[in-house]
Amino acid sequence: MEIKVDSYVHNSEKISHNKILSIISTIAKSTTFDSTDTIAYPPFINSHDHLISNWFPKAGDSNPYQNVNFWVEEMKYSKSFLERNKIWLNDGSFELTDKNANMIIQLGIYKNMFSGCSIVQDHIPNQKDKYYKNNPINILKKYSQCHSISMGNWWGGDNAVKEWEKTQGEIPFIIHLGEGKDELAKSSFGKFEKLNLLQPNTLLVHGIALTEDEIKRCGEAKTSICWCPESNLFLIGETLDIQACLNNGVNVTLGTDSTMSGSVNLLAELKFAKKHFPQISAKDLFKMITINATIALNLDKDISELKAETSELLLLKKRSDDPFKNILECGIEDIELFVHDGKPLYGNTKFLEGFEIDLSNYYKFGDNRFVIGHPEKVTDKINSILGYKKDFPFLPI
Ligand SMILES: [Zn+2]
């Protein structure tokens with residue numbers, strides 16, 4: 001299967017124009033599509049989400065908070081959280097392969113799929129193997145984590161030091177840090193550094209309270225930071241000093257966080273970041289969701305590059321001549337084709353003709369949209385439990 005595109009982005013430094021891409025897949029037919037009104041990219045990576053918390057709307061009435069601990073307590077009594085509890089009630093074990101948890105996890109997976117993410121980092125205690133298997137996109141499996149320095153691993157797992165030791169310095173160690181603006185949040189970096197956890201395989205999430213000097217030390221230690229601007233500005237009213245990160249060579253990734261505090265999806269997060277921080281280039285934002293994420297999450301760097309013959313593709317409508325700015329112009333409906341592992345996941349139905357597939361494994365909706373699996377069955381079940389129709393802005397179905 002070949003697709004003629006306006007241009008394609010190999011990586012942040014190399015763009016080709018008027019090219020033909022070949023889809024490498026055992027199910028691809030020998031068809032050619034003329035899609036010269038599109039730009040091709042490697043699929044994106046969302047470096048921070050909590051799949052079980054992708055409910056809507058955002059939770060918490062007393063924002064902005066001094067630090068996230070206040071939100072975590074207040075969130076438990078929010079309308080959004082209590083409504084989600086009608087589908088799945090956490091018994092404290094954070095065992096997400098139980099009962100109805102999977103329905104909510106599916107919502108999170110679709111949220112990421114509908115924004116072109118082939119990989120999502122789900123910040124939660126490590127789950128059973130089956131949690132990471134048979135999903136249409138990849139949930140990062142190899143990682144160790146702690147919730148935060150200020151709250152410890154209250155949701156399961158060992159303390160931060162023991163969790164880091166499990167990584168042997170190789171797989172990512174992920175932790176929320178400095179999610180606030182008070183003394184508690186400001187003291188977290190010093191405590192973290194004293195524990196000798198500022199390491200090249202550490203991914204700090206948020207870092208709102210970090211000073212420029214602390215950010216510089218992250219750069220020197222090659223510690224990555226995941227930026228979640230929408231969640232930060234909603235919860236705390238402040239965010240990471242992103243300019244200091246870029247000035248000091250910190251490897252920055254971008255994450256949505258869950259929709260209980262963050263953006264609707266990664267495309268919305270990109271728009272939010274550019275709107276509030278116009279000095280950050282669209283190219284730098286692209287790096288945060290591709291190459292930088294592969295470094296932070298210890299993934300093969302090839303994942304962040306688009307090759308002329310590929311089984312991984314994100315095809316977006318051309319809305320701007322600048323391929324990086326183009327991403328910021330696009331929404332859910334502008335994804336013309338998303339292919340992962342050689343399989344079409346989401347896009348314009350015309351492309352389904354290019355694959356040998358069982359159409360019963362796909363759902364068609366709108367004028368010309370398809371998606372893999374059956375999200376409409378998930379939402380039907382949720383609606384039947386709630387007794388009314390629940391809308392999620394990250395689902396276009
Ligand atoms: Zn988080």
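No experiment lies behind these values; they were computed from the predicted model shown.

K.L.:
So what exactly am I meant to see when it comes to the environment of S224 here?
P.N.:
Take S224: it is sitting in strand β10 (residues 224-227). On a C-alpha basis, the gap between S224 and Y363 in space is 38 Å, while along the polypeptide they are 139 residues apart. Beyond its immediate chain neighbours, meaning those up to four positions away, S224 contacts L203, N251, T253, I295 and A296.

K.L.:
Please explain the nonpolar core as it appears in this structure.
P.N.:
Buried together is how nonpolar side chains tend to be arranged in soluble globular proteins. Among the nonpolar cores identified, the biggest contains 104 residues, and A40, I225 and I289 are the most heavily contacted of them. When residues of this core are assigned to their parent elements, the largest contribution, seven residues, is made by helix α3 (residues 101-113). Two domains share this core, each providing at least three of its residues, namely domain 1 (2-42 + 305-357) and domain 2 (46-296).

K.L.:
Help me understand the packing of α3 against helix α13 (residues 375-386) in this model?
P.N.:
Packed helices, taken two at a time, are described by the angle their axes make and the gap between the axes. In the contact formed by α3 and α13, the axes pass within 10 Å of each other and the chain directions differ by 135°. Judged by the inter-axis angle, α3 sits oblique to α13. Crossing of α3 against α13: the hand is left-handed. Of α13, the residues touching α3 (which contributes M103, Q106, L107 and Y110) are P375, V378, K381 and I382. Across the contact of α3 with α13, the residue classes tally to six nonpolar, one polar and one charged.

K.L.:
Sorry if this is basic, but what is going on with the domain arrangement of the chain here?
P.N.:
Many authors give the size of an interface as the accessible area that is lost as the parts come together. Structurally, the chain comprises domain 1 (2-42 + 305-357) and domain 2 (46-296). On a C-alpha basis, the centres of domain 1 and domain 2 stand 29 Å from each other. Across the boundary between the two partners, domain 1 contributes 18 residues, which contact 17 residues of domain 2. Elements with a contribution of two residues or more to the side of domain 1 that touches domain 2: α12 (323-329), β14 (335-340) and β15 (343-348).

K.L.:
How should I be thinking about the sheet that holds strand β6 (residues 138-139) in this particular structure?
P.N.:
Adjacent strands of a sheet form backbone hydrogen bonds with each other and so pair up, either parallel or antiparallel. As summarised here, the arrangement of the three strands in space is β4-β5-β6, forming an open sheet in which the pairing is parallel. Looking at the sheet topology across the chains shown, the edges are occupied by β4 (44-49) and β6. Bridge count for β4 against strand β5 (residues 117-122) is four bridges, and the pairing is parallel. Each residue of the ladder has a partner; that of I45, found in β5, is I119.

K.L.:
In this structure, what is going on with unusual backbone geometry? I would like to understand it.
P.N.:
One can expect most non-glycine residues to show negative phi and most peptide bonds to be in trans. Residues F56 and P57 are joined by a peptide bond in cis, for which omega reads 0°. Along the chain, P57 turns up in the loop between β4 and α1 (68-75). Backbone torsion omega between N63 and P64 reads 0°, so that peptide bond is classified as cis. The residue P64 is located in the loop between β4 and α1 in this model.

Conventions adopted
Every chain is numbered independently, its residues counted from 1 as its sequence is written. Local features in this predicted model are restricted to residues whose pLDDT is 70 or higher, and side-chain atom pairs enter the listing and the counts only when it is 80 or higher, whereas totals over whole chains, interfaces and linings include all residues. By the criteria applied, helices consist of DSSP H or I runs no shorter than four residues and strands consist of E runs no shorter than two, each listed in order from the N terminus. Any pair of residues counts as being in contact when their C-beta atoms, constructed from backbone geometry, are within 7 Å of one another. By our criterion, buried Ala, Val, Leu, Ile, Met, Phe, Trp, Tyr and Cys residues that link up through C-beta atoms within 7 Å make up a nonpolar core. Counting other C-beta atoms within 10 Å of its own, a residue is labelled buried from 20 upward, exposed at 12 or fewer, and partly exposed in the gap between, with every C-beta atom placed from the backbone. For the domain bounds, the source is a domain assignment made automatically or taken from a database. Angular values range over 0 to 180 degrees, each being the angle between N-to-C directions of two axes fitted as lines to C-alpha atoms, with helices fitted over their stretch in contact. Our angle categories are set so that under 35 degrees counts as roughly parallel, over 145 as roughly antiparallel, 65 to 115 as roughly perpendicular, and the remainder as oblique. What makes a crossing left-handed is the near helix being turned counterclockwise from the far one by less than a right angle; a clockwise turn instead makes it right-handed. For this classification, the nonpolar set comprises Ala, Val, Leu, Ile, Met, Phe, Trp, Tyr, Cys and Pro, the charged set comprises Asp, Glu, Lys and Arg, and every other residue, Gly included, is treated as polar. Only strands joined by at least two bridges in the DSSP assignment are considered to pair.

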